[in-house]
Amino acid sequence: MSAGPVRDPGLQPERTRLAWRRTTLAATVAAVLAAKSALRGGVSVTGAVVCALCCVLWLGFLALAHRRIRLLAASAEPRALTPRHATAAALVTVALAVCGAGLLL
């Protein structure tokens, strides 16, 4: 009996790792622009709170992305992204977008 063909991931883990890095960079730019928008025209309590929330959300996404990048680099055949981490990354991304949109209004 054959165990089946051996999977060759090729460059897929490297492409995924680079995608996480690009997404982290995009989140960084969004957080910096949100902070700049919040602090434009003087510091207000609302602006400071939204700016702090954007920073916390960015740090959360950075932690999730860094964890995933480390797992992808650790082995030739990395484990799949857990639903819990995928949901957390999606929620943090949406929350960061909502904060940014709230600052523009």
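Numbers given to residues run from 1 along each chain, matching the order in which its sequence is written. Local features are withheld for residues below a pLDDT of 70 in this predicted model, meaning they are given only at 70 or higher, and side-chain atom pairs are given and counted only at 80 or more; totals for whole chains, interfaces and linings count all residues. As a rule here, side-chain values cover all heavy atoms of the structure and leave hydrogens and water aside.

1. Brief notes about the side chain of His85
Here is step 1: With respect to the secondary-structure elements, His85 resides in helix 3 (residues 83-104).
Here is step 2: With relative accessibility at 15%, the residue His85 sits in the buried group.
Here is step 3: Polar contact criterion, stated in full: a pair of N or O atoms within 3.5 Å, where within protein one must be able to donate a hydrogen and the other to accept it, and residues adjacent in sequence count only if both atoms are side-chain atoms. Polar side-chain contacts of His85 include one of 2.6 Å to the side chain of Thr82.
Here is step 4: Every residue pair with non-hydrogen atoms within 4.5 Å of one another is taken to be in contact. Sequence-distant contacts of His85, defined by excluding residues within four places in its chain, comprise Leu64 and Arg67. A run of H or I in DSSP becomes a helix once it reaches four residues, and a run of E becomes a strand once it reaches two; helices and strands are each numbered from the N terminus. Exposure categories follow from relative accessible area, calculated using a 1.4 Å probe and restricted to protein chains: below 20% of the type maximum is buried, above 50% is exposed, and the middle band is partly exposed.

2. A short note on the confidence of the model for the chain
Here is step 1: The predictor attaches a confidence to each residue, and that confidence, scored 0 to 100, is pLDDT. Across the chain, the average pLDDT comes to 82, with 91% of residues at or above 70.
Here is step 2: The least confident element of the chain is helix 1 (residues 12-39), whose mean pLDDT is 84; the most confident is helix 2 (residues 45-74), at 86.

3. Here we look at a nonpolar patch on the surface
Here is step 1: Patch construction takes residues with relative accessible area above 30% that form no salt bridge. Like charges are linked within 9 Å, and nonpolar side chains (Val, Leu, Ile, Met, Phe, Trp, Tyr) are linked within 5 Å. In these tables, accessible area is a Shrake-Rupley quantity obtained with a 1.4 Å probe, and a residue counts as shielded only by the protein chains included in the view. Take a side-chain nitrogen of Lys or Arg and a carboxyl oxygen of Asp or Glu: if they are within 4 Å of each other, that pair is a salt bridge. Side chains of Leu25, Val29 and Leu33 sit close together on the surface and give an oily, nonpolar patch of about 290 Å² of accessible area.
Here is step 2: Counting through the fold element by element, Leu33 comes out in helix 1.
Here is step 3: Overall, the relative accessible area of 52% leaves Leu33 in the exposed class.

4. Brief notes about the environment of Ala95
Here is step 1: Counting through the fold element by element, Ala95 comes out in helix 3.
Here is step 2: The partly exposed category is assigned to Ala95, whose relative accessible area is 25%.
Here is step 3: Placed 38 residues apart in sequence, Ala95 and Leu57 show a C-alpha to C-alpha distance of 7.4 Å.

5. Here we look at the packing of helix 1 against helix 2
Here is step 1: Remark: helix 1 packs on helix 2, axes separated minimally by 9 Å, with the N-to-C direction vectors making an angle of 170°. Relative to helix 2, the element helix 1 lies roughly antiparallel. To get an axis, a line is fitted to the C-alpha atoms, and for a helix only the part in contact is used. The angle between two axes follows their N-to-C directions and goes from 0 to 180 degrees. Comment on the angle field: the value is read as roughly parallel under 35 degrees, roughly antiparallel over 145, roughly perpendicular from 65 to 115, and oblique elsewhere.

6. Concerning the nonpolar core
Nonpolar side chains in soluble globular proteins generally cluster together in the buried interior.
Here is step 1: Core analysis: the largest hydrophobic core is formed by 19 residues, its most contacted members being Trp20, Cys54 and Phe61.
Here is step 2: Taken together, the elements giving at least two residues each to this core come down to helix 1, helix 2 and helix 3.
Here is step 3: Counting residues per element, this core draws most heavily on helix 2, which supplies nine residues.
Here is step 4: Apart from the residues lying within four places of it in its own chain, the contact partners of Phe61 are Trp20, Thr23, Thr24, Ala27, Ala89, Val92 and Thr93. We define a nonpolar core as any set of buried Ala, Val, Leu, Ile, Met, Phe, Trp, Tyr and Cys residues linked to one another through side-chain atoms lying within 4.5 Å.

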